[in-house]
Each structure stands twice: as structure tokens, then as C-alpha cells.
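# Coordinate analysis (summary)
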Amino acid sequence: MPELLIAGGLTVDRFPDGRRAPGGSVLHAGLAAAAEGAGITTVTLAGDEPEAREGLGQLAGLGRLIHQPATATTAYRHDEHDGRRVLVYQSAAGTIDPGALHGLPPPDVALLAPIADELPAPVVTGLRALLEPRLTVLLIQGWLRRLEIGEPVHPLALDEVEPELWTAFGTADAIVVSTEDLAEAPADPFLQARQLRERLGPGPMLIVTLGDRGYLLDDPGSDRVAAAVPRRVVDGVPMVGAGDTFGAGLAVALARGLSPTAAADAATECVIRVLEARRDR
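Residues numbered from 1 in each chain as written. Predicted model: local features only at pLDDT ≥ 70, side-chain atom pairs only at ≥ 80, totals over all residues. Heavy atoms only, no water.

### Things to note about the sheet that holds strand 7 (residues 84–91)
Read across the open sheet, the four strands follow the order 3-2-6-7; overall the sheet is mixed. Two strands in the sheet have a free side with no partner beyond their single neighbour: strand 3 (20–23) and strand 7. Neighbour to neighbour, the strand axes of the sheet diverge by 30 degrees on average, direction disregarded. With seven bridges joining them, strand 6 (residues 74–81) and strand 7 adopt antiparallel strand pairing. Paired with Arg77 across the strands is Val88, a residue of strand 7. Here helix 2 (residues 50–60) sits on the sheet in contact with strand 2 (11–14) and strand 3, set at roughly 40 degrees to strand 3. (Pairing = 2+ DSSP bridges. Helix = DSSP H or I, 4+ residues; strand = E, 2+ residues; numbered from the N terminus. Axes fitted to C-alpha atoms, helices over the stretch in contact; angles between N-to-C directions. Contact = heavy atoms within 4.5 Å.)

So, in C-alpha cells, the structure goes:
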């Protein structure tokens, strides 16, 4: 059974109909990885809101939970504009403390997936040095956001991302990002992949997810960028957390020794299963 350590922030998600629910990368990825048979350790920070307590309870049910208390949980309001989801940043939780991980056994995979500012570059470096995971998978959307309390979230231009982060990204084993999280060339994901590769260097496997259109895979062991389009598409269900689910499925598959192509296909199937379960509720 692969052992995953998942680090990132929990969120309180607020929706246009007045609903509030726990969310965030650690929750979506953790649920998906547990469904794939992985052992889970979650490192997160959250406040004491009812939704945060609910989310922490779910995470505790998945395995070991390391909870760093915060004055408030990171919160996003989910709006829509011209058929696209727009996130409004409403509150911040702070930064994860790597010291809370002392004594943990090395995981098969460290899956690092911030949703705001909880994993700056020094924390990423510290976590990896402390944990010594066999593999590191980074879901980088949280690092590519311009965040101001009360304002809609906008993607950063790649040149605005801190050099220290590019250094950390370049030493990972796999990078996952959605085409929607990139400011440059939104109509040309192949160009996006090339621009990312120029900054990442030759090391990590890179996957740019394209929603229901599949993904692009830039495997350093191959001489070309490959596009994959799923034969099955699940319509009419919320896509919240799909990227985190993909990342979790990829991490589990890589930990089991699958090739990059097979792991990306397994991650796609993981997302489809989660979306089909939502449709059948």
C-alpha cells in the first residue's frame, strides 16, 4: 500500500446559493488517494469554523492528521462569470510549520498542494529535507495565484513567480497544473507546456490538465509532448477538486511503479470515477 503525505491548506468554500462546505486540495486529494488504496498522512492548517471542523473530521478518518491551528481558515467565495468559475479570496490561514513533521517515517510520495500562501519555497525545501520522500509531486496552482483579501483570484504571469519556487519545482519528480491556472497563452496549452519546461529545466515530469479535454504529458524520458483525450466524459456535475483528484491519482500510480503515461491514464480514470459518483448521488 503506497504511503502518501499530503500537505496544503483546508478551505471554507462559500457558494452563490449560500452553502458553505469544507474544501481545499488536501481534502479532495486525500479522499481520492484513500479511494485508490493509499495510506494517508495529512498536514494542514485550519481554524475553528464549523466547516473547518467538518473537514478536519473527514481528514482524520483517512489516516494520520497533523493539524496546525490557525486563527481563521483560508476561505474562497465561488462565483461564476461567463460560465467560468471565479474564486474570491476572503481569508488567509498562514504558513505550515515543517517542524510538526519531525519523527514521521519517509513517505513513498510527498504530494504538496497549496491553495494560498501556506507553502512558500523555504517550507517546501524544509519539508522535503525533513521527510526524504521517495517521490515528490507538486500541484502548483496555489503558487500561481495573485492573492488579495476581498479580490478575485488571478493567475500570475510565469515571470512573476519567485525564482526560489522555480528552483523547488525543478527538483520535483512530477508537476501538475491546469491550463486554466496559467496566465500565458490560454488558447495554446502546448505553448504553455513549452514555457513551463523552459523554467522547470529538464527534470520533472510535467502534466498540464485540460479539463474534460484530457491532458498534455511532457515526460523527460520521451522526445515529444503527448496529448491524451479521454473517451468518457462526465457532464453536468461540479468540477471542484478535479485537479487535486488527478494529482492524487497520479501520485498513487507513480508510487506503484507505473510509467508516466500509464500513471497519467490512471489519474484520468480516478477523476472520472469521482465525477461519476457525484452524478449518481
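### Things to note about the nonpolar core
By size, the foremost hydrophobic cluster in this structure holds 42 residues, and its most contacted members are Leu4, Val137 and Leu250. Tallying contributions element by element places helix 6 (residues 242–255) first for this core, with nine residues. Other than its neighbours up to four places away in sequence, Leu4 contacts Ala33, Ala38, Gly39, Ile40, Thr41, Pro107, Val109, Ala251 and Val252. Judged by nonpolar contacts, the second largest core, of 40 residues, contains Leu101, Leu112, Leu131 and Trp166. (Core = buried A, V, L, I, M, F, W, Y, C linked by side-chain atoms within 4.5 Å. Buried < 20%, exposed > 50% of the residue type's maximum accessible area, 1.4 Å probe, protein only.)

### As for the sheet that holds strand 9 (residues 135–139)
Reading across the sheet, the nine strands line up as 5-4-1-8-9-12-13-14-15 and stay open at both edges, with mixed pairing between neighbours. Looking at which strands have only one partner, the edges of the open sheet turn out to be strand 5 (63–69) and strand 15 (225–228). If you compare each strand with its neighbour and ignore which way they point, the axes differ by 15 degrees on average. Judged from the four bridges that link them, strand 13 (residues 205–209) and strand 14 (residues 215–218) form a sheet pairing that is antiparallel. In the sheet register, Ile207 faces strand 14, and the bridge partner there is Leu217. On top of the sheet, helix 5 (residues 189–200) reaches strand 12 (174–178), strand 13, strand 14 and strand 15; it is set at about 150 degrees to strand 13, its chief contact.

### Examining the pairing of strand 4 (residues 39–46)
With eight of its eight residues buried, strand 4 lies for the most part within the structure. Every second residue of strand 4 is oriented toward a common face, with Gly39, Thr41, Val43 and Leu45 on one face and Ile40, Thr42, Thr44 and Ala46 on the other, all of them buried. The pairing of strand 1 (residues 3–7) with strand 4 spans five bridges and is parallel. Paired with Ile6 across the two strands is Thr42, which belongs to strand 4. Bridge analysis of strand 4 against strand 5 gives seven bridges, and the strand direction is parallel.

### As for the side chain of His28
Turning to its location among the elements, His28 is positioned in helix 1 (residues 25–35). His28 has contacts with Gly23, Val240, Gly241, Asp244, Thr245 and Arg278, leaving out every residue within four places of it along the chain.

### Details of the side chain of Ser178
Along the chain, Ser178 turns up in strand 12. One polar contact links the side chain of Ser178 to the main-chain amide nitrogen of Glu180, over a distance of 3.1 Å. The contacts of Ser178, once residues within four sequence positions are left out, are Val208 and Thr209. (Polar contact = N/O pair within 3.5 Å; in protein donor to acceptor, adjacent residues only side chain to side chain.)

### Let's talk about the packing of helix 4 (residues 163–170) against helix 5
For the pair helix 4 and helix 5, the least separation of the axes is 9 Å and the interaxial angle reads 95 degrees. Judged by the inter-axis angle, helix 4 sits roughly perpendicular to helix 5. Within the contact between the two elements, helix 4 uses Trp166, Phe169 and Gly170 and helix 5 uses Leu196, Arg199 and Leu200. Looking at side-chain class alone, the contact of helix 4 with helix 5 contains four nonpolar, one polar and one charged residues. (Parallel < 35°, antiparallel > 145°, perpendicular 65-115°, else oblique. Nonpolar A, V, L, I, M, F, W, Y, C, P; charged D, E, K, R; others polar.)

### So, the packing of aromatic side chains
Taken as a whole, this structure holds four aromatic pairs when the rule is applied. Here the aromatic rings of Tyr76 and Tyr89 are separated by 5.5 Å at their centres, their planes lie at 35 degrees, and the arrangement is tilted. Note that Tyr76 is positioned in strand 6 and Tyr89 in strand 7, a separation of 13 residues in sequence. Take Tyr76: its relative accessible area is 3%, and that puts it in the buried class. Under the relative-accessibility criterion, Tyr89 is labelled buried at 4%. (Phe/Tyr/Trp six-rings, centres within 6.5 Å; stacked < 30°, edge-to-face > 60°.)

### Observations regarding the pattern of salt bridges
Throughout the structure, instances matching the rule amount to nine salt bridges. Measuring nitrogen to oxygen at the nearest pair gives 3.0 Å for the salt bridge that ties Asp79 to Arg77. Looking at Asp79, the relative accessible area reads 22%, which means it is partly exposed. The shortest N-O distance in the salt bridge between Asp223 and Arg224 comes to 3.3 Å. (Salt bridge = Lys/Arg side-chain N within 4 Å of Asp/Glu carboxyl O.)

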